[in-house]
Amino acid sequence: MHAMHARLPKHFVLEERLERYADAIEVCPASYRGRWAQACWPLGEPSADGAAAGTAAFDEVRVDLGCGKGSFVAASAHNAPNALFVGLDAEPLCMAYAAQRIMEEGLRNAVVVPALGDALPRIFAPGEVSVIHLNFPTPYPRKRDATRRLVALERLMDYRRVLAPGGTVRLRTDSQPLRDFTLTQLALAGYKVVYASEDERADHPDEPTSEYEQRLCSQGATVLGLWATPGPEPGNVTQTASLSLVDYLPESLFEGGYVPHGMEQTVYNLRRRKR
Ligand SMILES: C[S@@+](CC[C@H](N)C(=O)[O-])C[C@H]1O[C@@H](n2cnc3c(N)ncnc32)[C@H](O)[C@@H]1O
């Protein structure tokens, strides 16, 4: 498991939690490659259309990449019982919380996988995934961290390999710079934007929320949304976009207003310099 640094709450023993909720955590995800929909169908249960267990399968596999503590995965799994939801996150603490939520809510169509985003092609077979949700991905604003973004060109090329025909990558973010950077990467990776919104919550009021959406919207954010589907594969895949998110900050941000998550210090410094 990739070790990232999160502060543990008092009396929280991570190993103990991971063990307690291990049934909802898949630590050998590559062994399911190409058969997630069948292999995760609840044991002994016939499918909705009456197919016997063994031949039964979920209708689709959706991935929540960087799923955090799992609110979105859990609520989505409630809403769509015939879809399998796989939450991936690099942070063990998030895995523990998400797995706890899945088990305590008795969900049979959700599982979490401790992994980095670049593992997707090793975990899923070509065409196996119908939707990749990117909810409030970490922005990594600095140029030198650009390849760590889950919307970077390299990742979008990976996603092409696992998406089913007509499948979509769905970004939701509070960050206009990250959204605009994503548009450059989608174009370079040969995707077609099929939906773009300055206020996705207004468009899809019934869509489940994630922890970050709740937190950032309570601080004044609106949800920017982008859905894109792979078009013809580009012949020449070369990074030509500006990589620092500072380059995507609008002039109006210097006047005040909501500052995107992860860019607080940068914007504060820029505003001070401008003054
Ligand atoms: C800002 S949080 C958002 C969490 C959740 N999607 C939400 O909306 O509440 C970003 C999450 O992405 C995870 N993450 C960041 N980079 C990642 C990567 N390369 N691969 C997998 N997870 C990553 C972090 O551990 C964190 O849980």
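Treat the numbers as computed from the prediction; the structure is a model and nothing was measured.

A.B. asks: Got a minute to help me understand the overall build of the protein chain in this structure?
C.D. replies: Each helix and strand counted, the protein chain has 10 helices and 7 strands in total. Relative to the compact-globule value of 19 Å for 275 residues, the protein chain shows a C-alpha radius of gyration of 19 Å, a close match. Along the first, second and third principal axes, the C-alpha set of the protein chain runs to 65 × 50 × 35 Å. Considering the protein chain as a whole, with its 275 residues, one finds that 51% of them fall into the buried category. Partitioning the contacts of the protein chain with sequence separation of at least 6, the portion at a separation of at least 24 is 77%. Carbon and sulfur atoms provide 51% of the accessible area of the protein chain, an area that totals close to 13,500 Å².

A.B. asks: Is there a simple way to explain the layout of surface pockets in this structure?
C.D. replies: Which parts of space are left empty comes out when a probe the size of a water molecule is rolled across the atoms. Its boundaries defined by the atoms lining it, the second largest pocket holds a volume of some 350 Å³. In terms of lining residues, the second largest pocket is bounded by 18 residues, among which Asp-23, Cys-40, Arg-108, Ala-110 and Val-111 are the most central. Of all elements in the fold, only helix H2 (36-39), helix H4 (92-104) and strand E3 (110-114) reach the threshold of two or more residues within the lining of the second largest pocket. Of the residues assigned to the lining of the second largest pocket, the class counts are 14 nonpolar, 1 polar and 3 charged.

A.B. asks: Sorry, what's going on with the site of the ligand here?
C.D. replies: In the region of the ligand, 18 residues are neighbours, and Gly-66, Asp-89, Asn-135, Ser-210 and Tyr-212 sit closest. At 2.6 Å, a side-chain N or O of Asp-89 approaches an oxygen atom of the ligand. One of the backbone N or O atoms of Ala-90 is found 3.3 Å from a nitrogen atom in the ligand. For the ligand, the protein covers 92% of the area, taking 590 Å² as the surface of the free molecule. Counted by class, the shell around the ligand contains 9 nonpolar, 6 polar and 3 charged residues.

A.B. asks: Help me understand the pattern of salt bridges, please; the structure alone is not making it clear to me.
C.D. replies: Pairing is possible between side chains that carry opposite charge, provided their charged atoms lie close to one another. Counted according to the given criterion, the structure contains 11 salt bridges. Across the pair Arg-201 and Glu-213 runs a salt bridge whose closest N-O atoms are separated by 2.7 Å. Here Arg-201, found in helix H8 (residues 200-203), pairs with Glu-213, found in helix H9 (residues 211-218); they are 12 residues apart in sequence, far enough to count as distant.

A.B. asks: Looking at this structure, how should I read unusual backbone geometry?
C.D. replies: What is expected of a backbone is that most residues other than glycine have negative phi and most peptide bonds are trans. Backbone geometry places Phe-136, a non-glycine residue, at a positive phi of 50°. On the secondary structure map, Phe-136 appears in the loop between strand E4 (129-135) and helix H6 (153-162). Looking at Phe-136, the relative accessible area reads 8%, which means it is buried.

A.B. asks: Help me understand helix H7 (residues 176-188), please; the structure alone is not making it clear to me.
C.D. replies: Note that an α-helix has 3.6 residues per turn; residues three or four places apart therefore point the same way. The end-to-end C-alpha separation of H7 is 19 Å, in line with the 18 Å expected for 13 residues at 1.5 Å each. All of the buried residues in H7 are Pro-177, Leu-178, Arg-179, Phe-181, Thr-182, Gln-185, Leu-186 and Leu-188. Taken together, the buried residues of H7 touch H6, strand E5 (163-173), strand E6 (191-197) and strand E7 (224-230). Residue Gly-190 follows H7 closely and has a positive phi angle near 75°.

A.B. asks: Please explain the pairing of E4 as it appears in this structure.
C.D. replies: Within a regular beta strand, the side chains point alternately toward one face of the sheet and then the other, so they alternate between its two faces. The buried fraction of E4 is high, at 7 of 7 residues. Direction of pairing for strand E1 (residues 60-65) relative to E4: parallel, over a ladder of 3 bridges. Bridge pairing in E4 places Arg-62 opposite Val-131. Of the strand pairs in this sheet, E4 and E5 are connected by 6 bridges, and their pairing is parallel. Bridge pairing links His-133 to Arg-170 in E5. Taken together, E4, H6 and E5 form a β-α-β motif whose crossover is right-handed.

A.B. asks: I keep staring at the packing of aromatic side chains and nothing clicks. Help me out?
C.D. replies: Each aromatic ring pair is specified by the distance between its two centres and by the angle formed by the two planes. What the rule picks out here adds up to 6 aromatic pairs. An aromatic cluster of at least three residues, connected via ring pairs, comprises Tyr-32, Trp-36 and Phe-124. In this arrangement the basic side chain of Arg-160 is found over the ring face of Tyr-191, its NZ or CZ atom lying 5.9 Å from the centre. Over the face of the ring belonging to Trp-227 we find Arg-170, whose NZ or CZ atom lies 3.8 Å from the ring centre.

A.B. asks: Please explain the sheet that holds E3 as it appears in this structure.
C.D. replies: Note: strands within a sheet are paired through backbone hydrogen bonds, in either parallel or antiparallel orientation. Here 7 strands make up an open sheet; going across it, the order is E3-E2-E1-E4-E5-E7-E6 and the pairing mixed. Of all strands in the sheet, those with a lone pairing partner are E3 and E6, marking the two edges. Each neighbouring strand pair of the sheet contributes to a mean axis angle of 20°, computed without reference to strand direction. Those strands touched by H7 are E5, E6 and E7, and its axis lies near 10° from that of E7.

Cut-offs used in this document
- Residues numbered from 1 in each chain as written.
- Predicted model: local features only at pLDDT ≥ 70, side-chain atom pairs only at ≥ 80, totals over all residues.
- Heavy atoms only, no water.
- Helix = DSSP H or I, 4+ residues; strand = E, 2+ residues; numbered from the N terminus.
- Rg over C-alpha atoms; globule rule 2.2 N^0.38 Å.
- Buried < 20%, exposed > 50% of the residue type's maximum accessible area, 1.4 Å probe, protein only.
- Contact = heavy atoms within 4.5 Å.
- Areas by Shrake-Rupley, 256 points an atom, 1.4 Å probe, with all protein chains shown as cover.
- 1 Å grid on protein atoms, 1.4 Å probe; cavity = no way out; pocket = protein on both sides within 12 Å on 5 of 7 lines; lining within 4 Å.
- Points joined across faces, edges and corners; volume = space filled by probe spheres on them.
- Nonpolar A, V, L, I, M, F, W, Y, C, P; charged D, E, K, R; others polar.
- Near = heavy atom within 4 Å.
- Polar contact = N/O pair within 3.5 Å; in protein donor to acceptor, adjacent residues only side chain to side chain.
- Salt bridge = Lys/Arg side-chain N within 4 Å of Asp/Glu carboxyl O.
- Expected span 1.5 Å × (residues − 1).
- Pairing = 2+ DSSP bridges.
- Right-handed = clockwise from strand over helix to strand, strands pointing away.
- Phe/Tyr/Trp six-rings, centres within 6.5 Å; stacked < 30°, edge-to-face > 60°.
- Lys NZ or Arg CZ within 6 Å of the ring centre and 35° of its normal.
- Axes fitted to C-alpha atoms, helices over the stretch in contact; angles between N-to-C directions.

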